Amino acid sequence: MDSRLDLGVDVKLQPGREAVVRVAVATLWTSPEAVRPVDRPALTAGADILTWVSGLDTDQQVGDCVLSQLLLGERVLVSELRPDGWARVVAVEQPAAKLDPRGYPGWLPTEQLTPVDPSTDTGTDPPLVVDSTVTGLHAAPNGPVVLPGVVVGTRLVPAGPACDDWRPVHVPGHAAPLWLPDDHLVATSAEAPAAAQALAVAQRLLDVAYIWGGLSAHGIDCSGLVHLAWRRFGVLLPRDADDQAVATTPLALGAERPGDLYFFARPGRKIHHIGIVTAPPGNGGERRMLHACYRRRRVIEEPLPADRTATLVGAHRV
């Protein structure tokens, strides 16, 4: 019998109803048939993303079977359940207007989802957000790690006050609260972040592996880096670069400042790349950005080379 019965709620996922992610990072796939043998660690009930990423070669890092990733507690709308353990879902916290007005569509293993537990939604305590780049959830203060690999930007519902510098939180799929160091969390804020704040989050992901569709501190792509940096502050930008351009404010080239965005497209093509401005443009037009680089297969900060400058189509501000 499903171990989630101890939650005291309806444990059955149902089409047409929302569910939440119960693993640290869940990968959204184009279809169940698209997954490869190398993807097995990402498909389990534990979703071992770090092992999965470390097992990919440079070609597999950019395989088009991955669409995006979802963080612990992220909501999805279930649209179909297959008997082989797959769910077609819409990631409602990742806007993707050109694909589905409700959010980003794709497939997840059903083991990585759990029904919404209304008992943890008190409506009084504002959620907390993980500010540590990577952390783990423990069974008790200083106790064993129950859920490793939780990443920056993950939102958690408090389950009580901090105790000896540890904080209890409600975690989807777990009946009892789990714990993490209180200084790994910050309170959510309704105020829009300064661009420099989002840039500082992105800078902590320098050298993280480039993964097509990645959206975590274990592996990330160019638009994922932008989405995650602002998501840390509660700003839900669209998931893909071309949609991010539509959702942000264009600037005259030369007016950009650190924390603004550069967009790139080849002649006659849609936007295919995005980076975060890290310095005001120089007198000679020199520009610098932080980005998840497809070519280098990691997050880097660099001056724009000539071939990249040739495809620069605009600077925008969130």
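Placed above this text is the structure.
Residues numbered from 1 in each chain as written. Predicted model: local features only at pLDDT ≥ 70, side-chain atom pairs only at ≥ 80, totals over all residues. Heavy atoms only, no water.

Asks: What's the story with the packing of aromatic side chains in this structure? I'm lost.
Replies: Using the criterion set out here, one finds 4 aromatic pairs in the structure. Ring plane angle 80° and centroid distance 5.7 Å describe the contact between Tyr-210 and Tyr-294, whose orientation is recorded as edge-to-face. Here Tyr-210 is found in the loop between helix 3 (195-203) and strand 15 (215-216), whereas its partner Tyr-294 is found in the loop between strand 20 (288-293) and strand 21 (298-303), with 84 residues between them in sequence. Looking at Tyr-210, the relative accessible area reads 3%, which means it is buried. On the numbers, 6.5 Å between centres and 85° between planes, the contact of Trp-212 with Tyr-294 is edge-to-face. On the criterion of sequence distance, the pair formed by Trp-212 in the loop between helix 3 and strand 15 and Tyr-294 in the loop between strand 20 and strand 21 is long-range, its members being 82 residues apart. The partly exposed category is assigned to Trp-212, whose relative accessible area is 38%. Pairwise contacts between aromatic rings join Tyr-210, Trp-212 and Tyr-294 into one cluster. Above the plane of the ring of Phe-233 lies Arg-232, whose end atom (NZ or CZ) is 4.3 Å from the centre. The ring centre of Tyr-294 lies 4.7 Å from the NZ or CZ of Arg-297, which sits over that ring. (Phe/Tyr/Trp six-rings, centres within 6.5 Å; stacked < 30°, edge-to-face > 60°. Helix = DSSP H or I, 4+ residues; strand = E, 2+ residues; numbered from the N terminus. Buried < 20%, exposed > 50% of the residue type's maximum accessible area, 1.4 Å probe, protein only. Lys NZ or Arg CZ within 6 Å of the ring centre and 35° of its normal.)

Asks: Sorry, what's going on with the nonpolar core here?
Replies: When a protein is soluble and globular, its nonpolar side chains tend to lie buried together. One finds Trp-52 and Leu-137 to be the most contacted residues of the largest nonpolar core, which totals 59 residues. The element best represented in this core is helix 4 (residues 222-231), accounting for 6 residues. Ignoring any residue separated from it by four or fewer positions in sequence, one finds Leu-137 in contact with Leu-72, Pro-144, Val-145, Val-146, Leu-147, Val-150, Leu-156, Val-169, Val-171, Leu-178, Trp-179 and Leu-180. Grouped together as the second largest cluster of nonpolar side chains are 17 residues, Leu-13, Ala-87, Ala-96 and Tyr-104 included. (Core = buried A, V, L, I, M, F, W, Y, C linked by side-chain atoms within 4.5 Å. Contact = heavy atoms within 4.5 Å.)

Asks: When you look at the side chain of Gln-94 in this model, what are you seeing that I'm missing?
Replies: Its location among the elements puts Gln-94 in the loop between strand 5 (86-91) and strand 6 (104-109). Within polar-contact distance, the side chain of Gln-94 engages the backbone oxygen of Gln-69 at 2.7 Å. (Polar contact = N/O pair within 3.5 Å; in protein donor to acceptor, adjacent residues only side chain to side chain.)

Asks: Looking at this structure, how should I read helix 4?
Replies: Structural remark: α-helix, 3.6 residues per turn; residues separated by three or four positions point the same way. Of all 10 residues making up helix 4, 10 are buried, and the element is well covered by its neighbours. Buried within helix 4 are the following residues: Cys-222, Ser-223, Gly-224, Leu-225, Val-226, His-227, Leu-228, Ala-229, Trp-230 and Arg-231.

Geometry only, nothing functional implied.
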